[in-house]
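# Fold and geometry: a report
Here is how the chains run, residue by residue.
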Amino acid sequence: QVRLVESGGGLVQAGGSLRLSCAASGRTFSNYAMGWFRQAPGKEREFVAAISRSGGNTYYADSVKGRFTISRDNAENTVYLQMNSLKPEDTAVYYCAANLPPISYSDYAKRDKYDYWGQGTQVTVSS
């Protein structure tokens, strides 16, 4: 069992930045690939970014590429999402998720490949 707790959400103006954190506990963090997803009101939960177990490979949705950066600190059992140049359309509840391998390159963006989820943190971007 892995417990995930997100933090760092809030209200920010368009063009601003936020850094989300996801602290993991329970099992060896470095065994898990990690992902960030988001869900806006009335919409399905969508993929944002993912990172491999070692941190050597990262993956992004086209909508955030070049603006968001995912990273992890396996010593601190934490994964981060640095969000820059925020837009109103980035407004959503952001969730981190953990995948127990194996996972292939094409699976990182698929919700059903993740085994554990956090409770989410709200990000609101005002125009």
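Residues numbered from 1 in each chain as written. Predicted model: local features only at pLDDT ≥ 70, side-chain atom pairs only at ≥ 80, totals over all residues. Heavy atoms only, no water.

The next subject is the packing of aromatic side chains. In the structure shown here, the tally under the stated rule is seven aromatic pairs. On the numbers, 6.1 Å between centres and 70° between planes, the contact of Y32 with Y116 is edge-to-face. With Y32 in the loop between β3 (18-25) and β4 (33-39) and Y116 in strand β10 (residues 116-117), the pair connects residues that are 84 residues apart, well separated along the chain. Residues Y32 and Y116 agree in their burial class; the two are buried. The ring of Y95 carries R45 above its face, with NZ or CZ at 3.6 Å from the centroid. When the ring centre of F29 is taken as origin, the NZ or CZ atom of R72, which lies over that ring, is 4.4 Å away. (Phe/Tyr/Trp six-rings, centres within 6.5 Å; stacked < 30°, edge-to-face > 60°. Helix = DSSP H or I, 4+ residues; strand = E, 2+ residues; numbered from the N terminus. Buried < 20%, exposed > 50% of the residue type's maximum accessible area, 1.4 Å probe, protein only. Lys NZ or Arg CZ within 6 Å of the ring centre and 35° of its normal.)

Moving on to the sheet that holds strand β1 (residues 3-7). In spatial order, the strands read β1-β3-β8-β7; together these four strands make up an open sheet with antiparallel pairing. For this open sheet the edge positions go to β1 and β7 (68-73), each flanked by a neighbour on one side alone. With direction set aside, neighbouring strand axes in the sheet form an average angle of 15°. Judged from the six bridges that link them, β7 and strand β8 (residues 78-83) form a sheet pairing that is antiparallel. Paired with S71 across the bridge in β8 is Y80. (Pairing = 2+ DSSP bridges. Axes fitted to C-alpha atoms, helices over the stretch in contact; angles between N-to-C directions.)

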